[in-house]
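Observations on the three-dimensional arrangement
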Amino acid sequence: MKLGEWQARLHAHYGELRSKRVAAIGDKPIFALEHGLDPPERDLLAADIRGQLTKASPSWEEPLPWIAYAAEMGYGYAGDEYWQTFEAATPGWTERGTREWLRRQFVLFHQRYGGARPTGRWADHFSIICWPITNAILPRDLQRQLAQVLYQLRHSFNRDVLTKPEALGDLIATRSWEATSRFQNLTQEKALVGQIAGALLLEGQFGTAGLLLPSTLERIGNDLLRERTTREWLRGARRVAHERAEVRGLQPPGRKPTSGEPASRAREQVAALGIEPRLVLRPRDTRHEAWDVLLEIPDLSHLLLSFPSTADALAESRCTVAGASGRPLARGALLRGSRRVELERWPRSDEVLLQFDHIDAHLAFLLRTECLLRPGPIWLFRVASDGCAYELRGLAVRPGQRYVVVTVGSASPLSRAARPVTLFCNGATAILVDLPSSIAPLESEWLRQIGLRQARALRVWPAGLAAVGWDGDGHGEWLTTEQPCLAIRADHPLRSATISIEPEQTAPLRLASVPAGLPVFIGLPVLGAGVYHLRVRGESEPDGSEVEGELEMVIRTPRPWTPGWSGQGIVEVELDPPTPTLEDVWEGHVAIEVRGPAGRPVGCRIKLFERSGDAPIFDRRLPQLQMPVSPAQWQAHFRRHCREAGGAADAENAYDRARLGHIEFIAQEFGSFNVTCERDFTPLRWGVRRRGHGQDVVLLDDSGAIASASCCRFAFESPDLPEAVQPSAPSEPLEVPLAGGMYVARQGSLVAAVIVPPIVRDIAALGCAPTFVDRTRSLANATRLLELIELWSRARLAGNIMSEVRQRAVLRALTHQLFFVIGGEVWERAEGLFAQGPGGVQELKLAVSAKRQEVGLAAALTLECAALALAPIERRVQRLSSLVKSFVPRESSEVKVPSDEEDRHLDRSTDWLSEFALRLASDPGGVRSWAGAAATSGLERLWEKPMLARAARFFVLVVERHLRELAVDAPDLYAGWGWR
């Protein structure tokens, strides 16, 4: 068939499809993949396209066959090089076709036929390939991720979500925080992804007919159903969607609107989210004489549904817990189920318990409102059957129970039923209370004196199937998929009882009578997610006095189990960042932690793939580790047994070719956990290719920019001197010299860099002695050096470990040069002597400052070096800041920090500048990402008063030497200074 005939057929098809869609569901786009061709016809179209291209360039009169053909290529796209794949499958395209011509045809397809139009950051960065990939509806490698997200969200479906593509797309976007970057790009087009998901879920029923062409929908559905896991996910999501539509209606039970002023409504809505953390005490011994304090933080993933703007903070920021020791929680750690964090200090009553690195206004309001300790100065904990003590919402005790009473300030007075116990948490004291089965008046009075009361005689508790959570007295948790069942019991007969649920506006349930000592069971309706208060008011016999019981009910959306992760199981695998790229894993920029039974083995298997679904090009089992596995242990293990072990060349070559990796943790009877990581998906990137005994680099440009990128190479021996290089044509490889180097491409705001290692043929090639062309001592040169350090530190590494070795050598040389520019010639000579051997500490110390009032700073650091080297970085920052305040004249320790902090106290300024100086001296490549806009003023201040810069550099170097002498294995640029 000639292309003109294909053009006529597709013109009629797309026009009719557009008319039907507008008539059925309104102004919703059509997709080029909805061409209606069966497999033989698709093959015939491709053959006709290729045959025509051997004779002539694509014609403006016949664009629709090309539109359909390009969309088919997009349907098979898996994140690799689209244009390289397109050109390889379409002989003659390089000579006769242009990318801009194809982009223009998709724009016209949008204008004439209502074709899908890509939007968002993804479309801005990939301005050409975004068109065929968007019009491919759902590329195969993203289908599995969409099925998984729909399965995870199935209990959040309701009428508005299922019938409005924009709402469904918004819901999917909120749950995509742990998906790959390509899937997150897809979810930026919320209306389009909602249109696709709605068609997949309801399959043309319940008003969704017309969202997608039936044959195209069937094709995508069949592809999704091929894999067993994906098939189960999609079927599970479809089943819930149909149930909500057919049985319960599309609007699930939920909370009814509350009345009141807007401010009070906002507070009620926040409280209904159920995000308030609670305290748990864990015994250190069987006699309960000593206790640890834990803060149990609930799963915050449901916040993403109510407040989508919090996604960046919750998924991309690390979280610091007030009063906790150790490093902050990993990014996304609070989105994978509840977790407990040990406290070493009792938080203040006005202290927000969770602090994120980056926070938006909604999340800040939520945390200020709900993430505070309940008011003290007394807290009551009931000792449960598992030995732990759980915080009770009220201060009521029952006979025959054991409690821990925690107070802040003065200790509680003791009685015969109480004894003091040790609490491993500064700022609070505790007593253990063993109440007898019958409380005497003396004990009753003592309880009243310390702020406790005896519980009423009417009790309410969960019955039937166990509740998700129960503190033993007044607080329980259920799921939205459950119908709670409760038991009520009074120790004396009740004439009547009234049961109400607030804030539900339903009629109370009235019981005619409740016999003494016998439980009465009641079933509640299915409740939507939120916090409810069930109250039972009874009228006693014979005097008619009132008794009351109360139960706080938290209803949560269930979290489906996902293969590869364990939220609260025996073994947990935690990653930071939660969705690492292949580069993150290879270069050691991801913290992987495996928690489980101490001493039990866990194995690891690494697989690398060129394309999804293909056989692995690399498959290696690493030796077993013993749990728990810390991030440092994992990183050293991966490096030793994958990157440096025998056969490392196989791993390096496979890494350079791979675009997908799988890490499988095998914990024997506890199961296995899988992590998938892809290449960083950027519009401008370098590829490294081996050829015989040499290497090539190729610039992969999917940005769609008209102007070509400017390219340069930096040699390892002269890392501040760029040498211009330019491919002769797009995607044309550049031959890399034997000495290797860093290749940099710039196109507008886009920057791509890769470090290619040298070809080592003799021992002499192992060494590297960088020298610098510009040795001017000026603030401008210091700023230029800092920019160069950032470029070298952020460059992607090739698979060969020599690329990392050379990067490290260059970064240390650049940092040394930066501190020469700031600190002067005397400092440079002293640092050089220090680097030559075990001596040089005295010269380095004297070079910090010659001023009489300042010499004590370096002396104090020298004396405390051994202790501070083993202390956390935070402690070192505090100590340097304290010494600066003691030894440096007050006027020289001021610093201009960001505008919103200009009026802060001088001590705060000194703390900030001390940390800035230490980061600059140990990890200059990460300074700007930490300091932001204040980095410029911080560098200016150190230039004006270089003593602090020299003191920080001295501190970094002596700590590193001390740790090296202790044989501490540290992957950081300077040992002991990992700011992660």
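Our subject is the structure that appears above.
Residues numbered from 1 in each chain as written. Predicted model: local features only at pLDDT ≥ 70, side-chain atom pairs only at ≥ 80, totals over all residues. Heavy atoms only, no water.

Helix and strand counts for the protein chain come out as 33 helices and 35 strands. Computed over C-alpha atoms, the radius of gyration of the protein chain comes to 33 Å, within 12% of the 30 Å expected from 2.2 N^0.38 for 980 residues, which places it in the range of a compact globule. On the principal axes, the C-alpha backbone points of the protein chain span a range of 105 × 85 × 55 Å. Within the protein chain, the fraction of its 980 residues that count as buried is 55%. In the protein chain, of all internal contacts separated by at least 6 residues, the share reaching a separation of at least 24 is 68%. Roughly 42,400 Å² of accessible area belongs to the protein chain as shown, and the carbon and sulfur atoms make up 51% of that amount. For the protein chain, the distance from the average site of its 117 positive side-chain charges to the average site of its 120 negative ones is 1 Å. (Helix = DSSP H or I, 4+ residues; strand = E, 2+ residues; numbered from the N terminus. Rg over C-alpha atoms; globule rule 2.2 N^0.38 Å. Buried < 20%, exposed > 50% of the residue type's maximum accessible area, 1.4 Å probe, protein only. Contact = heavy atoms within 4.5 Å. Areas by Shrake-Rupley, 256 points an atom, 1.4 Å probe, with all protein chains shown as cover. Lys, Arg positive; Asp, Glu negative; His and termini not counted. Charge placed at Lys NZ, Arg CZ, Asp CG, Glu CD.)

All right, on to the sheet that holds strand β26 (residues 660-666) then. One open sheet accounts for four strands, arranged β25-β24-β26-β27; its pairing is antiparallel. Pairing within the sheet leaves two strands with one partner each, and these edge strands are β25 (618-626) and β27 (672-678). Pairs of neighbouring strands in the sheet enclose a mean axial angle of 15 degrees, with direction left out of account. Of the strand pairs in this sheet, strand β24 (residues 601-609) and β25 are connected by seven bridges, and their pairing is antiparallel. (Pairing = 2+ DSSP bridges. Axes fitted to C-alpha atoms, helices over the stretch in contact; angles between N-to-C directions.)

Along its 13 residues, helix α13 (residues 190-202) runs 18 Å from first to last C-alpha, staying within 8% of the 18 Å computed at 1.5 Å per residue. Where burial is concerned, most of α13 is hidden: eleven out of the 13 residues are buried. Listing the buried residues of α13 in full gives Leu192, Val193, Gly194, Gln195, Ile196, Ala197, Gly198, Ala199, Leu200, Leu201 and Leu202. Positive phi shows up at glutamate 203, right after α13, with a value of about 50 degrees. (Expected span 1.5 Å × (residues − 1).)

The next point concerns a nonpolar patch on the surface. A surface patch of nonpolar side chains, about 300 Å² in accessible area, is lined by Val760, Ile763 and Leu766. Considering the arrangement of structural elements, one finds leucine 766 in the loop between β34 (750-756) and α24 (779-794). (Patch = residues over 30% accessible without salt bridge, like charges linked within 9 Å, V, L, I, M, F, W, Y side chains within 5 Å. Salt bridge = Lys/Arg side-chain N within 4 Å of Asp/Glu carboxyl O.)

By the element assignment, glycine 938 lies in helix α32 (residues 934-944). Separated by 22 residues in sequence, glycine 938 and phenylalanine 916 place their C-alpha atoms 7.0 Å apart. Setting aside chain neighbours within four positions, we find glycine 938 in contact with Trp912, Leu913 and Phe916.

Attention now goes to the packing of α24 against helix α25 (residues 801-823). Direction vectors running N to C along α24 and α25 enclose 165 degrees, while the axes themselves pass 10 Å from each other. Taken as axis vectors, α24 and α25 run roughly antiparallel relative to one another. Our pair here, α24 against α25, has a crossing hand that is left-handed. Judged by residue contacts, Asn781, Ala782, Leu785, Leu788, Ile789, Trp792 and Ser793 of α24 engage Gln807, Val810, Leu811, Leu814, Thr815, Gln817, Leu818, Val821 and Ile822 from α25. Tallied by class, the residues present in the contact of α24 with α25 amount to eleven nonpolar, five polar and no charged. (Parallel < 35°, antiparallel > 145°, perpendicular 65-115°, else oblique. Left-handed = near helix turned anticlockwise from the far one by under 90°. Nonpolar A, V, L, I, M, F, W, Y, C, P; charged D, E, K, R; others polar.)

Grouped together as the largest cluster of nonpolar side chains are 75 residues, with contacts concentrated most on Phe916 and Leu920. Residue contributions to this core peak at twelve residues, all from helix α33 (residues 946-965). Apart from residues no more than four positions distant in its own chain, phenylalanine 916 is found in contact with Val927, Trp930, Ala931, Ala935, Gly938, Leu939 and Leu942. (Core = buried A, V, L, I, M, F, W, Y, C linked by side-chain atoms within 4.5 Å.)

Next up on the list: the packing of aromatic side chains. A complete count under the given rule lists 26 aromatic pairs for this structure. Between tryptophan 66 and tyrosine 69 the ring centres are 6.0 Å apart and the planes differ by 85 degrees, which places this aromatic pair in the edge-to-face class. Separated by three residues within a single helix, tryptophan 66 and tyrosine 69 lie in helix α3 (residues 63-75), roughly one turn from each other. A centroid spacing of 5.0 Å and a plane angle of 75 degrees characterise the contact between phenylalanine 86 and tryptophan 93, whose relative ring orientation is edge-to-face. In this structure an aromatic cluster arises from ring pairing among Trp60, Trp66, Tyr69, Tyr77, Tyr82, Trp83, Phe86, Trp93 and Trp101. Positioned above the aromatic ring of tryptophan 977, the side-chain terminus of arginine 876 is 4.6 Å from the ring centre. (Phe/Tyr/Trp six-rings, centres within 6.5 Å; stacked < 30°, edge-to-face > 60°. Lys NZ or Arg CZ within 6 Å of the ring centre and 35° of its normal.)

Attention shifts here to the pattern of salt bridges. Applying the stated criterion across every chain, the model contains 60 salt bridges. A salt bridge links arginine 219 to glutamate 72; the shortest N-O distance between them is 2.8 Å. Taken together, the positions of arginine 219 in helix α14 (residues 214-224) and glutamate 72 in helix α3 put the pair 147 residues apart, joining distant regions of the chain. One salt bridge in this structure joins aspartate 350 and arginine 348, with 3.3 Å as the shortest N-O distance. By relative accessible area, arginine 348 is classed as partly exposed at 48%. Connected via shared salt-bridge partners are Arg287, Glu289, Arg402, Arg419 and Asp434.

Another aspect to go through is the sheet that holds strand β31 (residues 722-725). Taken together, the five strands give an open sheet; going across it, the order is β31-β30-β33-β34-β35, and neighbouring strands pair in mixed fashion. Every interior strand has two partners, whereas the edge strands, β31 and β35 (796-797), have only one. Sheet topology note: the strand β30 (residues 710-714)/strand β33 (residues 741-747) ladder contains five bridges and is antiparallel. Of the residues in β33, the one forming a bridge with cysteine 712 is valine 744.

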